[in-house]
Amino acid sequence: MKTVIVGISSSVAAFKSVQLVSDLLKEGLDVEVIETKNATEFVTPLQFSSLTKHKTYVNTFDRVENYDVEHISLAKKADVFIVAPATANVIAKLANGIAEDMLTTTFLACDCEKIIAPAMNTKMYENPITQENIEKLKKYGVKFVEPATGLLACGDEGKGKLASVDDLKEAVLSSLREKKLAGRKVLITAGPTMEAIDPVRFISNHSSGKQGYALAKAAKNLGAEVTLVSGPVSIKEPYGVNTIKVKSALEMFEEVKKHFDEVDYVVMSAAVADYRPKNVASQKLKKSDDDMSIELVRNPDILKYLGEHKTKQKICGFAMETENQLENATKKFFGKNCDLLVLNDLFEKGAGFKGDTNVVTLITKENNEKLEMMSKEELSYVILNKLMEV
Ligand code: CTP
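Just so it is clear, the model here is predicted, and its values are computed rather than measured. (Residues numbered from 1 in each chain as written. Predicted model: local features only at pLDDT ≥ 70, side-chain atom pairs only at ≥ 80, totals over all residues. Heavy atoms only, no water.)

**Considering the overall build of the protein**
From N to C terminus, the protein includes 13 helices and 21 strands. Its C-alpha atoms put the protein at 85 × 50 × 40 Å along the principal axes. Every one of the 390 residues in the protein was classed for burial, and the buried ones make up 51%. Sequence-distant contacts in the protein: of pairs separated by 6 or more residues, those separated by 24 or more amount to 65%. (Helix = DSSP H or I, 4+ residues; strand = E, 2+ residues; numbered from the N terminus. Buried < 20%, exposed > 50% of the residue type's maximum accessible area, 1.4 Å probe, protein only. Contact = heavy atoms within 4.5 Å.)

**A look at a nonpolar patch on the surface**
A contiguous nonpolar patch, built from Tyr275, Leu285, Met292, Ile294 and Leu296 and spanning about 460 Å² of accessible area, is present on the exposed surface. Relative to the assigned elements, Tyr275 resides in strand S14 (residues 275–277). Classification of Tyr275 by relative accessible area gives partly exposed; the value is 42%. (Patch = residues over 30% accessible without salt bridge, like charges linked within 9 Å, V, L, I, M, F, W, Y side chains within 5 Å. Areas by Shrake-Rupley, 256 points an atom, 1.4 Å probe, with all protein chains shown as cover. Salt bridge = Lys/Arg side-chain N within 4 Å of Asp/Glu carboxyl O.)

**Observations regarding the site of the ligand**
Lining the immediate environment of the ligand, one finds 15 residues, of which Met268, Ala270, Leu303, Phe318 and Lys336 sit closest. At 2.8 Å from an oxygen atom of the ligand is found a main-chain nitrogen or oxygen belonging to Phe318. Here the ligand loses 77% of its free accessible area of 570 Å² to cover by the protein chains. In this structure, the ligand is accommodated by the second largest pocket. Of all the elements in the fold, those that place two or more residues in the shell around the ligand are helix H11 (302–309) and strand S16 (314–321). Take the shell around the ligand: its biggest share by element is four residues, from S16. Across the shell around the ligand, the residue classes break down as ten nonpolar, one polar and four charged. (Near = heavy atom within 4 Å. Polar contact = N/O pair within 3.5 Å; in protein donor to acceptor, adjacent residues only side chain to side chain. 1 Å grid on protein atoms, 1.4 Å probe; cavity = no way out; pocket = protein on both sides within 12 Å on 5 of 7 lines; lining within 4 Å. Sits in = over half its atoms within 2 Å of the grid points. Nonpolar A, V, L, I, M, F, W, Y, C, P; charged D, E, K, R; others polar.)

**Re the pattern of salt bridges**
Enumeration over the complete set of coordinates arrives at 25 salt bridges. With its nearest N and O atoms 3.5 Å apart, the salt bridge here joins Glu146 to Lys236. Of this pair, Glu146 sits in the loop between strand S5 (143–144) and strand S6 (148–151) while Lys236 sits in the loop between strand S11 (225–230) and strand S12 (242–245), and the two are 90 residues apart along the sequence. Given a relative accessible area of 32%, Glu146 falls into the partly exposed group. Here Lys386 ties to Glu369 by a salt bridge, and the two come within 3.5 Å at their closest N and O atoms. With Lys386 in helix H13 (residues 376–389) and Glu369 in strand S20 (residues 368–370), this residue pair connects regions lying 17 residues apart in the sequence.

**Regarding the packing of aromatic side chains**
Aromatic ring pairs are described here by two measures, namely the spacing of the ring centres and the angle between the planes. This model, assessed by the stated rule, comprises three aromatic pairs. The interplanar angle of 70° and the centroid separation of 5.3 Å between the aromatic rings of Phe81 and Phe107 together place this pair among those described as edge-to-face. Pair noted here: Phe81 is in strand S3 (residues 80–86) and Phe107 is in helix H5 (residues 102–109), with a separation of 26 residues, a long-range link. For Phe81, a relative accessible area of 0% corresponds to the buried category. Taking the relative accessible area as the measure of exposure, Phe107 reaches 4% and is therefore buried. Note on Phe333 and Phe334: the rings are 4.9 Å apart at their centroids and 90° apart in plane angle, and the pair reads as edge-to-face. Since its relative accessible area comes to 2%, Phe333 is described here as buried. (Phe/Tyr/Trp six-rings, centres within 6.5 Å; stacked < 30°, edge-to-face > 60°.)

**Some words on the sheet that holds strand S13 (residues 265–268)**
Read across the open sheet, the eight strands follow the order S12-S11-S8-S13-S16-S17-S19-S20; overall the sheet is mixed. Two strands close off the open sheet at either side, each with one partner strand: S12 and S20. Across the sheet, the mean angle separating the axes of adjacent strands is 15° when strand polarity is ignored. Contacts from H13 reach S13, S16, strand S17 (340–345), strand S19 (360–363) and S20, with the element oriented near 135° to S16. (Pairing = 2+ DSSP bridges. Axes fitted to C-alpha atoms, helices over the stretch in contact; angles between N-to-C directions.)

**Quick look at the environment of Glu100**
Inspection of the secondary structure assignment puts Glu100 in the loop between helix H4 (88–95) and H5. For the pair formed by Glu100 and Arg276, sequence separation is 176 residues and the distance between their alpha carbons is 61 Å. In terms of polar contacts, Glu100 uses its side chain to reach the side chain of Lys93, at 2.3 Å.

**Structural notes on the side chain of Thr104**
Position of Thr104 among the secondary structure elements: in helix H5. Residues within four places of Thr104 in sequence aside, it is in contact with Lys93, Leu94, Ile98 and Ala99.

**Topic: the sheet that holds strand S4 (residues 113–118)**
Pairing is parallel across the open sheet formed by five strands, whose spatial order is S2-S1-S3-S4-S5. Each having just a single partner strand, strand S2 (30–35) and S5 make up the two edges of the open sheet. Of the strand pairs in this sheet, S4 and S5 are connected by two bridges, and their pairing is parallel. Directly across from Ile116, in S5, lies its bridge partner Phe144. Packing of helix H2 (residues 45–52) onto the sheet brings it into contact with strand S1 (3–8) and S2, and relative to S2 it is tilted by some 170°. In the packing of helix H3 (residues 70–77) onto the sheet, the strands contacted are S1 and S2, and the crossing angle to S2 comes to about 140°.

**Here we look at the packing of H4 against helix H7 (residues 128–139)**
Look at H4 against H7: their axes get within 9 Å of each other, and the N-to-C directions meet at 45°. The orientation of H4 relative to H7 falls into the category oblique. Like other packed secondary-structure pairs, H4 and H7 cross with a definite hand, here left-handed. Contacts between H4 and H7 pair Ala88, Ile91, Ala92, Leu94 and Ala95 from the former with Thr130, Asn133, Ile134, Lys136 and Leu137 from the latter. (Parallel < 35°, antiparallel > 145°, perpendicular 65-115°, else oblique. Left-handed = near helix turned anticlockwise from the far one by under 90°.)

Take it as geometry only, folks, not as evidence of what the structure does.
Set out below in structure tokens:
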């Protein structure tokens, strides 16, 4: 059984940790809780102990009770350590190796995956000192679950609310996932491409990049070295992923070619524009009283090129179809020499560009498998696991 340590520091948000502990136990995990002394003012150790069936640790000198150096034995058995909520004070201590109570001592003694979920006033969060501490911890491989934005306990509005219990749980579960892609290189494309008409106008599409970014994060969580070639999107670059921003299909093609030889897996989730304006006007086009037309030329089909040039690489393509979906997608699968193709149904409820869920059919050489609606995060793991199998 895997063991998770949940460290709790003093924040009003500590009540959410009760739900987190309960949810982790429901996942069949062994959960140990360490509170700072001040956190016990918000939620009592008894409340956690009743759930975990273990003693809730608060003081380092508890070890006197059973002659075992508890912070070391706990640290050794942990598979993942999450501090949620983490105050600015605790983050500062952890970033500087200060070990003065059970939580900070055990954190320093742990060499398992570590996660921190900050919760504090916006100004404290945005303070460069806190940000520097966070960056330092990230540099040493600690993962962060970003705080949410909203009304804070102090009455201010802004970033600093502890992330949702679902996000915290997902962060723990993804850390526990087997590192099936350790030592592997994965190239992912995401988002739309933007084809310039003149200095202010372009042709593009509705792709949000959410699925591609979720894939990049998932591949990273599975231990891969990930390169993400992204068209213009408004999503934060995933932590620990080599993200290369491009605009046009031609730029995406160049970047993909640069990395193709060295990677083991490619997932082409970008919605690449099939055409671009033949001539890009150097000045803004002025209107006249007449209608106008723009001559378009074909962009290279990146996926097709990869299918034709692959050596060791396993390639996953995407297809967005609005009619004869399975028939068209199967043609694409074979026509572009894919190993896996993810068929997106634009009209299905819970599917498509902007949302956080997707409904897809996975097409392989052997068969098609329609999957139930799931989050783009969850689907990313399903896609990557499938790609490793085919
Ligand atoms: N793709 C690509 N290069 C292009 C167009 C698409 O690499 N110029 C890739 C996409 O990233 C996706 C797959 O091809 O993985 C399918 O894209 P889609 O637009 O659905 O298919 P097309 O081949 O463009 O065919 P059509 O637009 O006729 O459906």
